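# Architecture at a glance
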Amino acid sequence: MSNENQQPTPEVEQKPSSDKVSPFLSSPLPQGTPQGQQQTLQQGLTSTPTGSVPKYNLPRGANTGNVGETTHFGYQTVSSDDKAQKVAEVFHSVASKYDIMNDLMSFGIHRLWKRFAINMSGVRRGQHVLDIAGGTGDLAKVFSREVGPQGHVVLSDINESMLNVGRDRLIDAGCTNVDFVLANAETLEPFADNSFDLLTISFGLRNVTDKDAALQAMYRVLKPGGRLLVLEFSKPVFEPFSKLYDFYSFTALPIMGKLVANDAESYKYLAESIRMHPDQRTLKGMMENAGFQSCDYHNLTGGIVAVHRGFKL
Ligand SMILES: C[S@@+](CC[C@H](N)C(=O)[O-])C[C@H]1O[C@@H](n2cnc3c(N)ncnc32)[C@H](O)[C@@H]1O
């Protein structure tokens, strides 16, 4: 981790309208640091419908990343409380170099993966879209154009450094129908029930400590008839390919991270977190457990990445 992590992070500029409740928000936008946010949002967990959904369809021994007192941060076992802090440090550290690193690491292919997910979204003019863990706003920028002036997009993330980069970028691009909201995916507390036509979470879910809670929160804020898309690294389907992929991830990525972002550790975490993330079938089962229906997934680049889709009926 670079020393930048130790520096205080900039305040997120709150929009002047933050004390007025938008139709998509359950209350005025919360104020404060990401850590403060997390506390605020965790207190809101009671409003999330947990524990009532039957468990089914998970393969035996499935790694759901479920959390007790401990969980993983990459290959390390850490307390559940520490994971969120460590993930926050990773993204504070890489925020300014995040976009260029994405292009370098994936040889630009992440743009095609995102394009595929957008094509699966069925987004239409006038719709309300929430991009969760949206970071620097690749998806939100496209959705802003697709929904048009009658529609509305919320770019949300738990990390103010990432959200700042995304906000500046989208404002520069003239996206006037986008709001920027600090929110923990585990609760989505700022958002009212049944308020979005489309939810997306792109390369975000594996960083979330309690993925089941996050999927339940997503179900809560989605309108009946709406859909969720989860774009995430997954399990390659072709064994020889996965050996090469391992070599690339554990050797080349940290070196690139060191050279470009002066941060090898964060990119080592990236490689490890991908291996610890639930595989295709497990994630599909987790979505079904949260209440989503007609769930399916599509492997991209031989299963390095998968797009999962589910609906709220
Ligand atoms: C790899 S980036 C993905 C950014 C963007 N969605 C993309 O596809 O380029 C992961 C993002 O997840 C965010 N994140 C991690 N944990 C989160 C949580 N519990 N709630 C919301 N966002 C979270 C990070 O701050 C980071 O911006």
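Bear in mind that the values here come from a model prediction, so they are computed numbers and not experimental data.

The next point concerns the confidence of the model for the protein. In the predicted model, the protein carries a mean pLDDT of 81, and the fraction of residues at 70 or more is 78%. Every residue in residues 1-21 scores below 50 in pLDDT, and together they form 38 contacts with partners more than four places removed in sequence or on other chains. For the stretch residues 27-62, pLDDT sits under 50, and the model shows 70 contacts to residues farther than four places along the chain or on other chains.

A word on the sheet that holds strand β4 (residues 152-157). Sheet architecture is open: seven strands sit in the order β5-β4-β3-β6-β7-β9-β8, paired in mixed fashion. Two strands lie at the open edges of the sheet, namely β5 (178-182) and β8 (293-300), each paired on one side alone. When the angles between neighbouring strand axes are averaged without regard to direction, this sheet yields 15°. Pairing between strand β3 (residues 128-132) and β4: four bridges, direction parallel. Its bridge partner being in β4, H128 is matched across the sheet by H152. Helix α6 (residues 160-172) rests against β4 and β5 of the sheet, and its axis sits at about 170° to β5.

This part takes up the site of the ligand. The local shell around the ligand holds 20 residues, among which Y98, A133, D157, A185 and S202 are the closest. I158 places a polar main-chain atom, nitrogen or oxygen, 3.4 Å from a nitrogen atom of the ligand. With the chains in place, 96% of the 600 Å² that the ligand exposes on its own is no longer accessible. Among the secondary structure elements, those contributing two or more residues to the shell around the ligand are α2 (80-94) and α3 (98-106). Of the residues contributing to the shell around the ligand, the split by class is 10 nonpolar, eight polar and two charged.

Our focus in this paragraph is unusual backbone geometry. Keep in mind that most residues, glycine aside, have a negative phi and that most peptide bonds are trans. The phi torsion at L188 lies on the positive side, around 50°, for a residue other than glycine. Within the secondary structure layout, L188 lies in the loop between β5 and β6 (196-202). The class for L188 is buried, based on a relative accessible area of 0%. If you check the backbone angles, T301 has positive phi at about 50° while not being a glycine. Relative to the assigned elements, T301 resides in the loop between β8 and β9 (305-311).

Rules of the game
- Residues numbered from 1 in each chain as written.
- Predicted model: local features only at pLDDT ≥ 70, side-chain atom pairs only at ≥ 80, totals over all residues.
- Heavy atoms only, no water.
- pLDDT = per-residue confidence, 0-100.
- Contact = heavy atoms within 4.5 Å.
- Pairing = 2+ DSSP bridges.
- Helix = DSSP H or I, 4+ residues; strand = E, 2+ residues; numbered from the N terminus.
- Axes fitted to C-alpha atoms, helices over the stretch in contact; angles between N-to-C directions.
- Near = heavy atom within 4 Å.
- Polar contact = N/O pair within 3.5 Å; in protein donor to acceptor, adjacent residues only side chain to side chain.
- Areas by Shrake-Rupley, 256 points an atom, 1.4 Å probe, with all protein chains shown as cover.
- Nonpolar A, V, L, I, M, F, W, Y, C, P; charged D, E, K, R; others polar.
- Buried < 20%, exposed > 50% of the residue type's maximum accessible area, 1.4 Å probe, protein only.

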